[in-house]
Amino acid sequence: MSSSLSGRTVLVTGATSGIGHQTARLLAERGATVLVHGRTAEEAHAALDRLVTLSDVPAERLCAYGADFTRLEEVELLADRVTDAHPHLDVLVNNAGMAAPERHTVTADGNEIAFHVNFLAHYLLTHLLEQALTSAPGGRVGRVINVSSALHRTGSIQWNDPNRTRRYSRLAAYAQSQLALTVFAADPRVTAVSVHPGVCATSLLPLYAHEGESPAEGAAHVVRLCDPAVEIVNGAYYDRDQRVAPAPAATEERTVKRLTKLADLLVGHTA
């Protein structure tokens, strides 16, 4: 295994299970310092303990962070804690995700929950960590990997009703969140790509199929993009290890600008 990740610091959101957990394991095994994010500090510490016990990962290469992504305030606190401890971040893996629930659900911040957790929380986190991602020593520029989904192709962003209060469908809400995350990779403020890691046997599997590859196989496609030896182009989209064209909306400058405006409004930040 290449050790080009040694000395690199990577934050993986949603690293307590599934693809995120396997991504954290593979990164740490390859020498990276991995910031393991979970919904609560307890879940993050439990995930960290599993990594130390079940793989050859030294505990000093792992740090646990808890933040509930349904609350924007917790995302802000997470960014503060991360930048205090790690002023330079080499990679941010925006992996935390959830299936949209059967019933229309709105967060305390007033956003449809799947759009909020899968996209808005990551949008806010990425911008709060922008300084850390762009201030690496030796002119290294950090990169952002959005773990997206092939289902983004079926999505559309309801600009006048992003919360889908008028017509709610869980699949449409999930697809909208994944399309937004994919569009966000083309934001010029950071170097970012998105990747569909394949259909894997995780809690999101029922959205796709009855069976899937192992989360470790999906994680390998994410880890490949974290490697500085792999060149990436801002806004690129990968289906597993192949660069392919995303949905047309994901490369439209007008859509990127509209989404930035909408997201800034919904997270209460002005660009």
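Residues numbered from 1 in each chain as written. Predicted model: local features only at pLDDT ≥ 70, side-chain atom pairs only at ≥ 80, totals over all residues. Heavy atoms only, no water.

Q: What should I look at first to understand the pairing of strand β4 (residues 91-94) in this one?
A: Across a regular strand the side chains alternate sides, sitting on one face of the sheet and then on the other. Every second residue of β4 is oriented toward a common face, with Val-91 and Val-93 on one face and Leu-92 and Asn-94 on the other, all of them buried. Across three bridges, strand β1 (residues 9-12) lies against β4 in parallel orientation. Within β4, the residue paired with Val-10 across the bridge is Val-91. Where β4 and strand β5 (residues 143-147) come together, four bridges link them in parallel fashion. (Buried < 20%, exposed > 50% of the residue type's maximum accessible area, 1.4 Å probe, protein only. Helix = DSSP H or I, 4+ residues; strand = E, 2+ residues; numbered from the N terminus. Pairing = 2+ DSSP bridges.)

Q: Which parts of the structure should I look at to understand the side chain of His-37?
A: Position of His-37 among the secondary structure elements: in strand β2 (residues 33-38). According to the relative accessible area criterion, His-37 is buried, its value standing at 3%. With residues near it in sequence (within four places) discarded, His-37 still touches Leu-11, Val-12, Thr-13, Gly-14, Ala-15, Thr-16, Ala-44, Tyr-65, Gly-66, Ala-67, Phe-69 and Leu-78. (Contact = heavy atoms within 4.5 Å.)

Q: What is the right way to look at the packing of helix α4 (residues 113-128) against helix α6 (residues 170-184) in this model?
A: In a packed pair of helices, the relevant descriptors are the angle between the two axes and the axis-to-axis distance. One can describe the packing of α4 onto α6 by two numbers: an axis separation of 7 Å at closest approach and a directional angle of 20 degrees. On the basis of the axis angle, α4 is roughly parallel to α6. Here α4 runs over α6; the crossing is left-handed. Packed against α4, whose contacting residues are Ala-114, Phe-115, Asn-118, Phe-119, His-122, Tyr-123, Thr-126 and His-127, the element α6 presents Ala-173, Tyr-174, Gln-176, Ser-177, Gln-178, Ala-180, Leu-181 and Phe-184 at the interface. (Axes fitted to C-alpha atoms, helices over the stretch in contact; angles between N-to-C directions. Parallel < 35°, antiparallel > 145°, perpendicular 65-115°, else oblique. Left-handed = near helix turned anticlockwise from the far one by under 90°.)

Q: Would you take a moment to explain the sheet that holds β4 for this structure?
A: Adjacent strands of a sheet form backbone hydrogen bonds with each other and so pair up, either parallel or antiparallel. Overall, mixed pairing links the eight strands, which are arranged β3-β2-β1-β4-β5-β6-β7-β8 in an open sheet. The open sheet has two edge strands with one neighbour each: β3 (62-66) and β8 (242-244). Going from strand to strand, the sheet's axes swing by 25 degrees on average, the running direction of each strand aside. Strand direction decides the pairing type here: β5 and strand β6 (residues 191-196), joined by five bridges, are parallel. Note on β6: the bridge partner recorded for Asn-146 is Ser-194. Across the sheet, α6 is in contact with β5, β6 and β7 (237-239); its angle to β5 comes to roughly 160 degrees. Packed onto the sheet, helix α7 (residues 215-226) meets β4, β5, β6 and β7 and runs at close to 165 degrees relative to β5.

Q: Is there a simple way to think about a negative patch on the surface in this case?
A: A surface patch of negative charge is lined by Glu-73, Glu-76, Asp-80, Asp-84 and Asp-109. Mapped onto the elements of the fold, Asp-80 is located in helix α3 (residues 72-85). (Patch = residues over 30% accessible without salt bridge, like charges linked within 9 Å, V, L, I, M, F, W, Y side chains within 5 Å. Areas by Shrake-Rupley, 256 points an atom, 1.4 Å probe, with all protein chains shown as cover. Salt bridge = Lys/Arg side-chain N within 4 Å of Asp/Glu carboxyl O. Lys, Arg positive; Asp, Glu negative; His and termini not counted. Charge placed at Lys NZ, Arg CZ, Asp CG, Glu CD.)

Q: In this structure, what is going on with helix α8 (residues 253-267)? I would like to understand it.
A: Side chains three or four residues apart in an α-helix point the same way, a direct result of the helix having 3.6 residues per turn. Helix length check: α8 (15 residues) gives 21 Å between terminal C-alpha atoms against 21 Å at 1.5 Å per residue, within 8%. Listed in full, the buried residues belonging to α8 are Thr-255, Val-256, Leu-259, Thr-260, Leu-262, Ala-263, Asp-264, Leu-266 and Val-267. Packing partners of the buried residues in α8 comprise α3, α4 and α6. Two residues or fewer past α8, Gly-268 is found with a positive phi of approximately 75 degrees. (Expected span 1.5 Å × (residues − 1).)

Q: For this particular structure, what's the right way to read the packing of aromatic side chains?
A: Any aromatic ring pair is given by two values, namely how distant the centres are and how the planes are angled relative to each other. Counted by the stated rule, this structure contains four aromatic pairs. Ring geometry for Phe-119 against Tyr-123: centres 5.8 Å apart, planes inclined by 55 degrees, an arrangement best described as tilted. Taken together, the residues Phe-119 and Tyr-123, both in helix α4 and four residues apart, mark about one turn of the helix. The exposure classification of Phe-119 matches that of Tyr-123, with both residues buried. Residues Phe-119 and Phe-184 carry aromatic rings whose centres are separated by 6.0 Å and whose planes lie at 75 degrees to one another, so their mutual orientation is edge-to-face. In this pair, Phe-119 is assigned in helix α4 and Phe-184 in helix α6, connecting sequence segments 65 residues apart. By relative accessible area, which is 0% here, Phe-119 ends up buried. (Phe/Tyr/Trp six-rings, centres within 6.5 Å; stacked < 30°, edge-to-face > 60°.)

Q: Please explain the environment of Tyr-238 as it appears in this structure.
A: Along the polypeptide, Tyr-238 turns up in strand β7. In the structure, Tyr-238 is positioned 83 residues away from Gly-155 in sequence and 17 Å away in space, judged by C-alpha atoms.

Q: Which parts of the structure should I look at to understand α4?
A: Along its length, α4 reaches its greatest deviation from straightness, about 35 degrees, at Leu-120. Of all 16 residues in α4, 15 are buried; the element is thus mostly enclosed. (Bend = angle between axes of the 7 residues up to and from the residue.)

Function cannot be inferred from these measures alone, as they are strictly geometric.
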